Amino acid sequence: MNPEHIREIVDHHEGGKKAGIISILEDIQAQYSYLPEEALRIVAEKTGRSLVDIYGVATFYKAFSLKPRGKHLVSVCLGTACHVRGGPRIAEEFERQSEIKTGETTKDREITLETVNCLGACALGPIVTVDGHYFSNVTFPRVKEIIHKARAGLDRVDIQTDERIFPVEVACPRCNHSLMDRHHYIDGYPSIRVTVSFRQKHGWVRLSCLYGSFSVDQEYEAPRDTVVNFFCPHCHAELIGASECMTCGAPMVPMLVRGEGGMIQICSRRGCKGHMLDLTGVNF
Amino acid sequence: MISLTINGLEVSMEEGTTLLEASRFYGFPVPTLCHLDGLSPYGACRLCVVEIGQGANAKLVSSCTYPVEEGLRVRTASSRVVKARKMILELFLASCPQSKTIQDLASSYDVRQQRFKQEHEDCILCGLCVRICEEQMMAKAIGFRSRGEKRSLGAPFDLKSEACRLCGACMYVCPACQLRCTYTEPDKAICGGCANLSPPCLEKNSFDDMMCYMEPCVACEIKKD
Ligand code: SF4
Ligand code: SF4
Ligand code: SF4
Ligand code: FES
Ligand code: FES
């Protein structure tokens, strides 16, 4: 830990005058993955508040940790829905297999295990997340696999800034029919086929299923910047969600991600690269 | 001036005083645990409950935090109030039976038994020590940590606090542990930490460096949890 660095963080928040203690602590935790004792002392000294106050806040919120955390964070949901679906037993199994108690970190500093109350995907419970990746309907046999994956590293999916490219399998969020077209490949993977309409033209379009790739194949060439309406080819429902593209403001097109659960959203404007992956479950 | 009735007696009090102050001023006793003149009201122990309002609207409020209101009808010892206080005292007895303050209060309300799981906490989280340390001693050395079930009281990181000047005020006001570390009156001392009639810390002449908020206790090495 670098004391100078902590001072900078506090200065960044105008010495804690305007912004609250919580945001300062959040920033420190984001940097160091925990709150070092020395850091709390510096925060107290710089903000002119007493150490008890800072310590009180740091211990009050579960999001803060005073102990170093492992590289990977495994959170087992014990919210009401996951609880009745067997969350506590899944948590116990994680404790047993990783040989640590909830809230602790493995000796090799790889995995920190914690329990949380509701991760917002109750219908898919029991939910376990690893560094922000969701695992739904977790059963006993999968615990081992999840721990293994956590050690291998799933990395945090950083919405919008993530540059990596990986294939997804999507389905219509209304009828749950797969949108994958196994007969047409784009970028070497099965493509996603949907129906589109714009300016009184209706036709199919095939999108690359590689998250981060913008290759398309279409019946009618849509001019750049037109906002296109997307439909499910099976139930013909329009694929439209509540959110808007953060880049251009056009409506986002939601699609269900198969397997891990969650949503992928792409911008409906031709040529706009706005897209996001939201694995926080089906919030539709 | 605000006029109200307390136990049927028409009285008037200055605006901003609390029901507790008003009741005591006119001679109606109200028991308290977390209240201390000179410290800000906190409303933690609920022992000071009184009943206000009429008929179906009657309700219990903590008098130490409730300001006088025009026309308010206050009852400081109605059967509902007494029942509530008895229950509160029973709960205190269940968590902190060794406290003389709590025992005395309980027996004054004729509570001689409690029906709950017996525990032996050494803190009822009344916050008196936190407030006296901050408001009167200007030290802010101790405070609450964590929350819910795990809420506890002490110095940051459970270390000897640099801000503490060992004035002893926190121990003096504590209703749960005031008999602990009464080293000025050694013959009365019963240590709350170790339930020892002659606390080992008394024999150490270097008591100055010690502080009861240490885990484990420096003198007896009993872990307080
Ligand atoms: S002894 Fe220390 S903690 Fe207690 S009131 Fe005095 S300064 Fe505060
Ligand atoms: S230590 Fe004593 S005074 Fe402080 S909160 Fe606990 S019971 Fe109250
Ligand atoms: S310092 Fe230890 S031995 Fe002394 S009164 Fe406190 S708890 Fe008991
Ligand atoms: S209860 Fe587990 S996600 Fe809501
Ligand atoms: S004295 Fe009023 S709540 Fe404790």
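Scroll up to find the structure.
Being a predicted model, the structure only gives us computed values, none of them experimental.

Asker: Outline the overall build of chain A, supporting the account with residue identities and numerical values.
Answerer: Check the secondary structure of chain A and you find seven helices and 15 strands. Expressed as a percentage of contacts within chain A between residues at least 6 apart in sequence, the contacts between residues at least 24 apart total 53%. Of the roughly 14600 Å² of accessible surface on chain A, 50% is carried by carbon and sulfur atoms.

Asker: Report on the side chain of Arg145 of chain B, specifying residues and quantitative values.
Answerer: Note that Arg145 of chain B resides in strand β6 (residues 143-145). Within the local environment of Arg145 of chain B, its side chain forms a polar contact with the backbone oxygen of Ala155 of chain B, the two atoms lying 2.9 Å apart.

Asker: Describe the pattern of salt bridges, with residues and values.
Answerer: Here the structure, examined in full by the defined rule, presents 21 salt bridges over all chains. A salt bridge links Lys71 of chain A to Glu110 of chain A, with the nearest nitrogen and oxygen atoms 3.0 Å apart. Here the residue Lys71 of chain A occupies a position in the loop between α4 (51-60) and β1 (72-77), and Glu110 of chain A occupies one in the loop between α6 (87-98) and β2 (111-116), the gap between them amounting to 39 residues. Under the relative-accessibility criterion, Lys71 of chain A is labelled exposed at 60%. Among the ionic contacts, a cluster of salt bridges with common partners joins Glu37 and Arg41 of chain A together with Glu162 of chain B.

Asker: Which residues make up the pairing of strand β7 (residues 180-186) of chain A, and what are the values?
Answerer: The pairing of β7 of chain A with strand β8 (residues 189-198) of chain A spans four bridges and is classified as antiparallel. If you follow Met180 of chain A over to β8 of chain A, its bridge partner there is Ile192 of chain A.

Asker: Explain the sheet that holds strand β2 (residues 9-13) of chain B to me, and be specific about the residues and the numbers.
Answerer: All names here are of chain B. In spatial order, the strands read β2-β1-β5-β3-β4; together these five strands make up an open sheet with mixed pairing. Of all the strands in the sheet, the pair left with one neighbour each is β2 and β4 (59-62). Each strand of the sheet is rotated relative to its neighbour by a mean of 40 degrees, with strand direction disregarded. The pairing of strand β1 (residues 2-6) with β2 spans five bridges and is classified as antiparallel. Its bridge partner being in β2, Ser3 is matched across the sheet by Ser12.

Asker: Explain the packing of aromatic side chains to me, and be specific about the residues and the numbers.
Answerer: Under the defined criterion, the tally for this structure stands at four aromatic pairs over all chains. Ring centres of Phe60 of chain A and Tyr61 of chain A lie 5.0 Å apart, and the angle between their planes is 70 degrees; on these two criteria the pair is classed as edge-to-face. Take Phe60 of chain A: its relative accessible area is 34%, and that puts it in the partly exposed class. In this structure Tyr61 of chain A comes out as partly exposed when scored by relative accessible area, which is 36%. Site record: aromatic cluster; members linked through ring pairs are Phe60, Tyr61 and Phe64 of chain A. A cation over a ring is seen here: Arg206 of chain A above Trp204 of chain A, with NZ or CZ 4.5 Å from the ring centre. A cation over a ring is seen here: Arg147 of chain B above Phe60 of chain A, with NZ or CZ 5.3 Å from the ring centre.

Here is what the cut-offs are and how they apply
- Residues numbered from 1 in each chain as written.
- Chains lettered and ligands numbered in written order.
- Predicted model: local features only at pLDDT ≥ 70, side-chain atom pairs only at ≥ 80, totals over all residues.
- Heavy atoms only, no water.
- Helix = DSSP H or I, 4+ residues; strand = E, 2+ residues; numbered from the N terminus.
- Contact = heavy atoms within 4.5 Å.
- Areas by Shrake-Rupley, 256 points an atom, 1.4 Å probe, with all protein chains shown as cover.
- Polar contact = N/O pair within 3.5 Å; in protein donor to acceptor, adjacent residues only side chain to side chain.
- Salt bridge = Lys/Arg side-chain N within 4 Å of Asp/Glu carboxyl O.
- Buried < 20%, exposed > 50% of the residue type's maximum accessible area, 1.4 Å probe, protein only.
- Pairing = 2+ DSSP bridges.
- Axes fitted to C-alpha atoms, helices over the stretch in contact; angles between N-to-C directions.
- Phe/Tyr/Trp six-rings, centres within 6.5 Å; stacked < 30°, edge-to-face > 60°.
- Lys NZ or Arg CZ within 6 Å of the ring centre and 35° of its normal.

Shape is all these values report; function is a separate question.
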